[in-house]
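Each chain is listed here by its residues.
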Amino acid sequence: MNKIQAIRGMRDVLPDETPIWQWLERKFHHMAFHYGYQEMRLPLLEPVALFERAVGEATDIVSKEMYDFTDKSGEHITLRPEGTSGCMRAVLENNMCYNKSQRLWYQGPMFRYERPQKGRLRQFTQFGVEAFGMSGADVDAELIFMVRDLFEDLGITQNVRLEINSLGTPAERLAHRQQLVQWFTDHKSQLDDDSLKRLAVNPLRILDSKNPEMQAIIEQAPRLLDFLEEESRQHFATLRKLLDEAGIAYRINPRLVRGLDYYSRTVFEWITDDLGSQGTVCGGGRYDGLAELFNGKKLPACGFAIGIERLILLLQVVYGDQNPQWQTHPDVVITSEMDDDGVCAQLLACTLRRDLPSLNILTDCSDAKLKRQHQNALKSGCRYIITVNADKQIRFWNLQDNRQETLIIEEIKKQLLSS
Ligand code: ATP
Ligand code: MG
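Since the structure is predicted, the reported quantities are computational estimates derived from the model, not experimental observations. (Residues numbered from 1 in each chain as written. Chains lettered and ligands numbered in written order. Predicted model: local features only at pLDDT ≥ 70, side-chain atom pairs only at ≥ 80, totals over all residues. Heavy atoms only, no water.)

Some words on a nonpolar patch on the surface
Together, L44, L45 and F69 make up an exposed nonpolar region whose accessible area comes to about 240 Å². The topology assignment puts L45 in strand β2 (residues 45-47). (Patch = residues over 30% accessible without salt bridge, like charges linked within 9 Å, V, L, I, M, F, W, Y side chains within 5 Å. Areas by Shrake-Rupley, 256 points an atom, 1.4 Å probe, with all protein chains shown as cover. Salt bridge = Lys/Arg side-chain N within 4 Å of Asp/Glu carboxyl O. Helix = DSSP H or I, 4+ residues; strand = E, 2+ residues; numbered from the N terminus.)

Points about unusual backbone geometry
Backbone geometry places K392, a non-glycine residue, at a positive phi of 75°. You can see K392 is positioned in the loop between β14 (384-388) and β15 (394-398). Although it is not a glycine, N402 adopts a positive phi angle of roughly 60°. With respect to the helices and strands, the residue N402 is situated in the loop between β15 and β16 (403-406).

A word on the sheet that holds β14
Spatially, the 5 strands line up as an open sheet ordered β13-β12-β14-β15-β16, and their pairing is mixed. Single-partner strands in this sheet number two, and they are β13 (361-363) and β16. When the angles between neighbouring strand axes are averaged without regard to direction, this sheet yields 20°. Of the strand pairs in this sheet, strand β12 (residues 332-336) and β14 are connected by 5 bridges, and their pairing is parallel. Within β14, the position partnered with S336 by the bridge is V388. Here helix α13 (residues 370-380) sits on the sheet in contact with β12, β14 and β15, set at roughly 175° to β12. Packing of helix α14 (residues 409-417) onto the sheet brings it into contact with β12, β14, β15 and β16, and relative to β15 it is tilted by some 15°. (Pairing = 2+ DSSP bridges. Axes fitted to C-alpha atoms, helices over the stretch in contact; angles between N-to-C directions. Contact = heavy atoms within 4.5 Å.)

Some remarks on the site of ligand 1
Lining the immediate surroundings of ligand 1 are 16 residues, of which R112, E114, L121, R258 and T280 lie closest. Here an oxygen atom of ligand 1 and a side-chain polar atom of R258 are 2.3 Å apart. Note that an oxygen atom of ligand 1 is positioned 2.8 Å from one of the backbone N or O atoms of T280. Protein contact buries 92% of the 580 Å² of open area that ligand 1 shows by itself. A total of 3 residues in the shell around ligand 1 trace back to one element, the largest contributor, which is strand β10 (residues 280-286). (Near = heavy atom within 4 Å. Polar contact = N/O pair within 3.5 Å; in protein donor to acceptor, adjacent residues only side chain to side chain.)

Focus on the UniProt feature "binding site: L-histidine" (unreviewed entry) in the protein
Summarizing the sequence annotation, UniProt attributes the feature "binding site: L-histidine" (unreviewed entry) to E82, G83, T84, R112, Q126, E130, R258, Y262 and Y263 in the numbering used throughout. One can find E82 in the loop between β4 (76-79) and α4 (84-93). Here E82 falls in the buried class, since its relative accessible area comes to 4%. Apart from residues lying up to four places away in sequence, E82 is in contact with F51, V55, M110, R112, Q126, L260 and Y262. Of note is the side chain of E82, whose polar atom sits 2.4 Å from the side chain of S85. With respect to the helices and strands, the residue Y262 is situated in the loop between β8 (251-252) and β9 (266-271). Looking at Y262, the relative accessible area reads 5%, which means it is buried. Not counting residues up to four positions away in its chain, the partners in contact with Y262 are A54, V55, E82, T84, S85, R286, Y287 and L290. (UniProt positions renumbered as here; feature names shortened; annotations may be inferred. Buried < 20%, exposed > 50% of the residue type's maximum accessible area, 1.4 Å probe, protein only.)

Considerations on the side chain of R205
Along the chain, R205 turns up in the loop between α7 (193-201) and α8 (215-219). Within the structure, R205 has its side chain in polar contact with the side chain of D208 (distance 2.4 Å). What R205 contacts, discounting residues up to four positions off in sequence, is T59, D60, R198, R258, G259 and D261.

Here's the deal with the pattern of salt bridges
Evaluated as defined, the whole model comprises 27 salt bridges. The shortest N-O distance in the salt bridge between R198 and D60 comes to 3.3 Å. Within this pair, whereas R198 is found in helix α7, its partner D60 is found in helix α3 (residues 60-63), the two being separated by 138 residues in sequence. According to the relative accessible area criterion, R198 is buried, its value standing at 11%. In this structure, R258 engages E269 in a salt bridge whose closest nitrogen and oxygen atoms are separated by 2.7 Å. Taken together, the positions of R258 in the loop between β8 and β9 and E269 in strand β9 put the pair 11 residues apart, joining distant regions of the chain. Taking relative accessible area as the criterion, R258 reaches 12% and is therefore assigned buried.

Focus: the side chain of E114
Tracing the backbone through its elements, the reader meets E114 in the loop between β5 (102-111) and β6 (123-132). Classification of E114 by relative accessible area gives buried; the value is 13%. Side-chain polar atoms of E114 contact the side chain of R120, separated by 2.8 Å. Beyond its immediate stretch of four places on either side in the chain, E114 contacts E65, R120 and R122.

Considering the sheet that holds strand β3 (residues 67-70)
Across a sheet, paired strands are connected by hydrogen bonds in the backbone, their directions being either parallel or antiparallel. As summarised here, the arrangement of the 3 strands in space is β2-β4-β3, forming an open sheet in which the pairing is antiparallel. Since the sheet does not close on itself, it has two edges, and those belong to β2 and β3, each with one partner. Sheet twist, expressed as the mean angle between neighbouring strand axes with direction ignored, is 35°. Two strands pair when backbone bridges link them, and β2 and β4 are joined in this way by 3 bridges, in the antiparallel orientation. Each residue of the ladder has a partner; that of P47, found in β4, is I77. The sheet contacts of helix α2 (residues 48-56) involve β2, β3 and β4, and relative to β2 the element is tilted by about 70°.

Right, dumping it as structure tokens:
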């Protein structure tokens with residue numbers, strides 16, 4: 001028989017890893033709350049047309065990476081490759097920005113048909129934050145402050161760096177594009193196949209090429225920053241002023257373009273050098289033109305997304321696999337020597353759980369001898385072992401001071417309550 005296995009690029013998160021996920025989720029949820037952002041829960045499936053229109057047909061995400069299919073009624077749908085487009089769809093569809101702005105966040109799996117490797121999966125998870133209805137650079141800065149606070153809370157500020165750029169407005173990009181096309185056409189012989197294709201459909205994306213042989217020609221290409229007009233320049237200056245005043249270090253990277261077409265003005269990435277070439281842990285920016293593609297109305301917006309699997313890889317580099325910050329242990333393990341099919345131990349657990357709701361109480365339901373039960377309990381890292389002896393007496397073993405005594409249940413509860 002053929003073995004049934006997980007689909008390529010999709011991984012199980014097992015209990016030895018879930019504590020770090022939960023720890024990270026708690027930190028992220030706190031950060032979102034602290035900044036006044038509200039949670040959105042969005043569908044995993046969306047119409048293909050949503051991403052064709054929003055992310056852009058000429059991007060890698062839409063042209064090669066979508067998990068799309070035709071459903072039973074003939075609709076062309078896809079597992080979502082990213083969250084911003086769906087969030088925008090939901091905001092407009094539910095008229096959430098009528099006369100007000102919105103600060104939102106979401107979390108969940110995204111799907112891209114990419115070549116799986118370390119830090120690159122076909123199902124991966126993002127924390128996303130989006131702010132709708134505010135056009136000022138102060139909101140862009142707020143997003144960057146949020147990520148900085150989160151990274152500080154996680155203790156990884158030394159391991160990440162911030163790069164920013166401005167992509168200007170569509171008109172400014174058009175002026176730049178003409179010169180960019182001219183430049184790359186003049187140097188066509190030095191372009192790789194990918195960039196030749198991009199030259200025809202999406203020349204700005206050539207700047208995003210990771211091919212080392214292309215870097216020299218990209219370095220010398222005309223810079224979009226030089227084409228910004230007064231308003232965009234001012235917007236970028238305000239952002240920089242806020243970052244400077246807040247003491248946030250950053251580098252202006254004029255080649256930073258991001259892999260999605262909807263960005264305008266601010267773009268930013270947080271990058272780590274500890275994970276090889278899959279080093280972008282957070283990407284974001286402003287996308288003022290996106291709403292217009294849906295309903296023709298203006299709705300300024302900006303946001304970012306953090307790749308959780310990459311962030312976890314980074315945390316594991318920084319802290320090692322096991323870390324007391326996120327490891328959880330049972331508080332109490334109940335073992336038994338009685339020959340009663342576990343009845344006494346399980347009932348004792350019931351009583352304790354009812355009166356000690358904040359404790360993690362585990363019952364050993366194995367058929368193992370008492371000695372082995374104790375060995376397993378000690379390995380679990382618990383603080384107390386309670387044993388129902390063969391004569392039904394209860395022994396309370398405090399592993400912190402290594403005291404063992406025979407006690408009645410009420411006394412055990414008292415000791416646990418004061419622990
Ligand atoms: P990259 O340049 O690494 O392909 P991207 O520009 O495609 O990233 P975004 O669409 O901006 O990425 O997504 C935001 C974040 O989501 C990335 O910075 C990264 O941390 C994470 N991410 C994107 N694609 C993957 C993937 N296939 N596997 C794991 N994480 C991913
Ligand atoms: Mg990508």
